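Single-letter residue listing:
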Amino acid sequence: MDGQLNVRRVLLDVDLSMRGPTLTAVAAAIQSSTGVAACSITVTEIDTETIGTDVTIEGENMDYESIVEAIEKTGAVVHSLDHLATGDRLIESVPRRR
């Protein structure tokens, strides 16, 4: 997916089981991926079986596929890629007006 792209930021929708992995285990797996400089995990919802999270990852020349693989090796599930930023610099999102 990102062979020639300078992937700088991704936002992922990730679910964790109530039995694990822990947030710190997922963060450690992400941090060990190529090009990752920072990671933020926010719990968005909790139910009886799962913990829903938004995972924001920033860096340079990150390998998206290896990040997903690292997350899934912990036992967490990546549901979707909700934001992708590439290029020489980051562009902050501007809300659309309708």
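First, a word on what this report is: a plain description of the structure on this page. Since we're looking at a predicted model, the values are computed, not measured.

So, how was this worked out
- Residues numbered from 1 in each chain as written.
- Predicted model: local features only at pLDDT ≥ 70, side-chain atom pairs only at ≥ 80, totals over all residues.
- Heavy atoms only, no water.
- Helix = DSSP H or I, 4+ residues; strand = E, 2+ residues; numbered from the N terminus.
- Rg over C-alpha atoms; globule rule 2.2 N^0.38 Å.
- Areas by Shrake-Rupley, 256 points an atom, 1.4 Å probe, with all protein chains shown as cover.
- Pairing = 2+ DSSP bridges.
- Core = buried A, V, L, I, M, F, W, Y, C linked by side-chain atoms within 4.5 Å.
- Buried < 20%, exposed > 50% of the residue type's maximum accessible area, 1.4 Å probe, protein only.
- Contact = heavy atoms within 4.5 Å.
- Axes fitted to C-alpha atoms, helices over the stretch in contact; angles between N-to-C directions.
- Salt bridge = Lys/Arg side-chain N within 4 Å of Asp/Glu carboxyl O.

Quick look at the overall build of the protein chain
Counting its regular elements, the protein chain contains 2 helices and 4 strands. A compact globule built from 98 residues should have a C-alpha radius of gyration of about 13 Å, and the protein chain, at 14 Å, falls within 12% of that. The principal-axis extents of the C-alpha atoms in the protein chain amount to approximately 40 × 40 × 20 Å. Counting only carbon and sulfur atoms, one obtains 49% of the accessible surface of the protein chain, whose full area is about 6300 Å².

As for the pairing of strand β2 (residues 36–46)
Examined bridge by bridge, β2 and strand β3 (residues 50–59) share 9 bridges and lie antiparallel to one another. Of the residues in β3, the one forming a bridge with Glu45 is Gly52.

Some remarks on the nonpolar core
Ranked by internal contacts, the top residues of the largest apolar core, which has 18 residues, are Leu12, Val14, Ile30, Ile57, Ile67 and Ile71. For this core, the elements supplying multiple residues, two or more each, are β1 (7–17), α1 (23–31), β3 and α2 (64–73). Per element, the largest residue contribution to this core is 5 residues, and it comes from β1. Ile57 has contacts with Arg8, Arg9, Val10, Leu12, Ile30, Val36, Ala38, Cys39, Met62 and Ile67, leaving out every residue within four places of it along the chain.

Quick notes on the sheet that holds strand β4 (residues 77–86)
Across the sheet, which stays open at both edges, the 4 strands sit in the order β2-β3-β1-β4 with antiparallel pairing between neighbours. Both outer strands of the open sheet, β2 and β4, are each paired with one neighbouring strand and no more. The sheet shows a mean angle of 15° between the axes of neighbouring strands, direction not considered. Strands in contact with α2 are β1, β2, β3 and β4; relative to β1, the strand with the most contacts, it is inclined by about 20°.

Overview of the pattern of salt bridges
It is possible for side chains of opposite charge to pair when their charged atoms get near one another. A full pass over the atoms with the stated rule returns 4 salt bridges. Of the charged contacts, one joins Arg8 and Glu60 as a salt bridge, the two residues approaching to 3.7 Å between their closest N and O atoms. Of this pair, Arg8 sits in strand β1 while Glu60 sits in the loop between β3 and α2, and the two are 52 residues apart along the sequence. Taken together, the shared-partner salt bridges connect Arg9, Glu58 and Glu92 into one network.

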